[in-house]
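Remarks on the overall topology
Here is how the chains run, residue by residue.
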Amino acid sequence: MVASLAFYLFAIITVAASVMVITARNPVHSVLFLILAFFNSAGLFILLGAEFLAMTLIIVYVGAVAVLFMFVVMMLDVNFVELRQGFLDYLPIGGTVAFILLAELAMVLGGWIISPQAASSGAAPIPADLTNTHAIGRILYTDYLYLFQGAGMILLIAMVGAIVLTHRRRKGVRKQVIADQIARRPEDTIKMVKVESGKGI
Amino acid sequence: MPMSEFPNLIPAMPEIFLSITIMVLLMVGVFQNSDTVETSVRVNRQILSLSVIALIVTGFLVLSVSGPTITTFNDLFILDPFATFSKILVLIGAALTLYISRSYLELHQMARFEFGVLALCATLGMMMMISANDLMSLYVGLEIQSLSLYVIAAFRRDDLRSTEAGLKYFVLGALASGMLLYGSSLVYGFAGSTSFAVLADTFAQSDGAPAVGVIIGIVFILAGLAFKVSAVPFHMWTPDVYEGAPTPVTAFFAVAPKVAAIALFMRVMVGPFGELDDQWQQIVWLVAIASMVLGSLAAINQTNIKRMMAYSSIGHIGFALIGLCIGNQAGIQSVLVYMGIYVFMTVGTFACILCMRRGDRMVEDISELAGLSKSRPLLALALTIFMFSMAGIPPLAGFFGKLYIFLAAIDAELYGLAIIGVLSSVVGSFYYLRIVKVVYFDEPGDAFDQPIPKSIVTVLVGTTVLVVFFIFYPAPLLDSAAAAAASLIGG
């Protein structure tokens, strides 16, 4: 009972927020609605018992992707009013394509039968007595240790590559030197002056 | 629940050593002052020499852990004589090309220490590809290699052609990776495993034709791999990337990744999909023929020597794929021998190309070589030897590479492949011999810059000697290739 109430709550908010993403006039509001939609989808995942996906959704999509969108929307001066022009002209053809895709999806999903052995014959079957975060951790750091480390190398190379291709040494850049900051004494920088009233320094 | 056993790290010692070295060198490079040109040149020099030393040490580690077939990391990683042979070849190619690249890097304001580190990363990826025993470890290795190669292709980031090369390679490479992944997911979905051993068992036990999904999956995997070895019809990126990338990078591209990708190609096709050879053999057959023919015809028109080498490498890959198409032990052995000889010929040729410098600027037109025999007779002789060898003229090493391939093809009664191979080899000799003609019989132009850096001279002398005297002592290469092929086919 509580679960189905929660489901309808999350589902309705997700759908409503998604509609607002594409209809809101202010792009910043769109991004905020997108974040709301992500949070509620995460709630849906938790109801399904997939708490790992819920966490990843929040961390990756809200924490990184939506913030990135926010940067793009706020830093680039995209004229959304202009982009919206001609929306109605393309509505018939766009609507047709969308309808065909929807019909095809319905046909595919309608005829889809999940094989009963599929869940048990996977390379790493889902253990019954563990939460899925626990289960993923258990195989990721043991059976798939090699792949995990390899993926780590890929990320390292991606980072080095991004720095190699974009980082430039500019002249006149002042870098923060923490040791210097800590070593500074008040006596070196502050001079106490007694100013007589009406005279100035 | 019992904790799973700690994996046996010994077989992966070379890879582990190389990854730790990468991180150490990164730290050594980052924490040194490289504000001015002189200091960054000094840091680059230091890191490059350390990288070459690291590759040599890795080579010895590979030899020290070599032995009978062993798998580790939950069967994701395999070490067998085939892997040892290919890894040694990759390491030799990578070390030689890094060794000859220093003077170029310093001349072209590319002396940043990340070059050596990224080349090491690419080599690490290649070694992981060669040792892959699962579709997932295949992909991880391939991605480590490709990602590093994209970056070093665009390493001269202020140069339009270099950035263009990097971007082209990146976009097309990402597409190829996508195809490979899609194929892998289809194979996993229809065969129920990603492990090479389990896949081979599954296909051996099932009777009748395999599921359509598996075949489509294999075709996609083939397409992805054919892109990585730059075989026709997935070769389009090769000439542009070879021409645009800085010359030492081109040399690196032409040697080590080719060997690794061909080794991976053989392992995937012969290992898990060995039982389905009816399905993939015709595709490899077509790809081999198309690569040989296009490689020899398209190179004729080229005026840029790096572009010509790109088509030449496409042709060489075509010849190597004949051996894979044969699919038996003799075929695999001939591919390994061919790639072994190819590494030395190509490194030598690129060492010659790195000498084509006039007034501190690289020249890349074939016509610039005119009259080289008058100004630099020894360099001209070396270049001639490499060209003759590439064309497959006896008694040079290149002839034997082709000979073993064609002999194996005749034995396997693949007469069509052998005939087309010989014919395109004859057509291909035209453009190799044209270079010899330009070098010896054309009116001399201005001489190239003196002196040639010592590292390039060393590599030139070494590779020339190997190419010329291979005929007298071919046993080490032939025997180790035979052992490697036996381990791939038998195990």
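Residues numbered from 1 in each chain as written. Chains lettered and ligands numbered in written order. Predicted model: local features only at pLDDT ≥ 70, side-chain atom pairs only at ≥ 80, totals over all residues. Heavy atoms only, no water.

What follows is about the side chain of Ser177(B). Tracing the sequence through the fold places Ser177(B) in helix 7 (residues 160–191). Other than its neighbours up to four places away in sequence, Ser177(B) contacts Tyr139(B), Glu143(B) and Lys228(B). (Helix = DSSP H or I, 4+ residues; strand = E, 2+ residues; numbered from the N terminus. Contact = heavy atoms within 4.5 Å.)

Residue and element names in this part refer to chain B. Using the criterion set out here, one finds 20 aromatic pairs over all chains in the structure. For the pair Phe469 and Phe472, a centre-to-centre distance of 5.9 Å together with 35° between the ring planes defines the contact as tilted. Taken together, the aromatic side chains of Tyr150, Tyr169, Phe170, Phe227, Trp237 and Phe253 make up a single cluster linked through ring pairs. It is Lys402 that lies over the ring of Phe319; its NZ or CZ is 4.8 Å from the centre. (Phe/Tyr/Trp six-rings, centres within 6.5 Å; stacked < 30°, edge-to-face > 60°. Lys NZ or Arg CZ within 6 Å of the ring centre and 35° of its normal.)

Take the domain arrangement of chain A next. Residue and element names in this part refer to chain A. Taken domain by domain, chain A holds domain 1 (1–79) and domain 2 (130–167). In this structure, domain 1 and domain 2 have C-alpha centres spaced 26 Å apart. Every contact between the two is made by five residues of domain 1 and, on the other side, four residues of domain 2. For the pairing of domain 1 and domain 2, the buried interface totals around 330 Å² over both sides, and the portion due to carbon and sulfur atoms is 51%. At the boundary of domain 1 with domain 2, the tally comes to zero salt bridges. Across the domain 1-domain 2 interface, the total number found is four residue pairs in polar contact (both at pLDDT 80 or more). Of the residues belonging to the side of domain 1 that touches domain 2, the class tally is three nonpolar, one polar and one charged. (Domains from an automatic or database assignment. Buried area = accessible area lost by both parts, 1.4 Å probe. Salt bridge = Lys/Arg side-chain N within 4 Å of Asp/Glu carboxyl O. Polar contact = N/O pair within 3.5 Å; in protein donor to acceptor, adjacent residues only side chain to side chain. Nonpolar A, V, L, I, M, F, W, Y, C, P; charged D, E, K, R; others polar.)

This next bit is on the interface of chain B and chain A. Contact residues are listed per partner, giving 33 residues for chain B and 28 residues for chain A. Across the chain B to chain A interface the summed buried area is about 2700 Å²; carbon plus sulfur atoms make up 73%. Among the ionic pairs, Arg168(A) bridges to Asp158(B), the shortest N-O distance being 3.2 Å. For the pair chain B and chain A, the interface holds four residue pairs in polar contact (both at pLDDT 80 or more). Elements with a contribution of two residues or more to the side of chain B that touches chain A: helix 1 (13–30), helix 5 (114–130) and helix 6 (135–153) of chain B. The dominant element in the side of chain B that touches chain A, judged by the number of residues it contributes, is helix 6 of chain B, at eight residues. Considered class by class, the residues forming the side of chain B that touches chain A number 20 nonpolar, seven polar and six charged.

Right, let's talk about the environment of Gln205(B) for a bit. Inspection of the secondary structure assignment puts Gln205(B) in helix 8 (residues 196–205). Note: C-alpha distance between Gln205(B) and Glu275(B) (70 residues apart in sequence) is 9.6 Å.

Side chains that differ in sign of charge can pair as their charged atoms come close. Residues and elements named next belong to chain B. Across all of its chains, the model carries 14 salt bridges over all chains by this definition. Among the salt bridges present, the one from Glu243 reaches Arg161, with a minimum N-O distance of 3.6 Å. Separated by 82 residues along the polypeptide, Glu243 in helix 10 (residues 237–244) and Arg161 in helix 7 bring together distant segments of the chain. Taking the relative accessible area as the measure of exposure, Arg161 reaches 38% and is therefore partly exposed. Sharing partners across several salt bridges, the network here consists of Arg161, Glu164, Lys168, Asp240, Glu243, Lys306, Arg307 and Glu364. (Buried < 20%, exposed > 50% of the residue type's maximum accessible area, 1.4 Å probe, protein only.)

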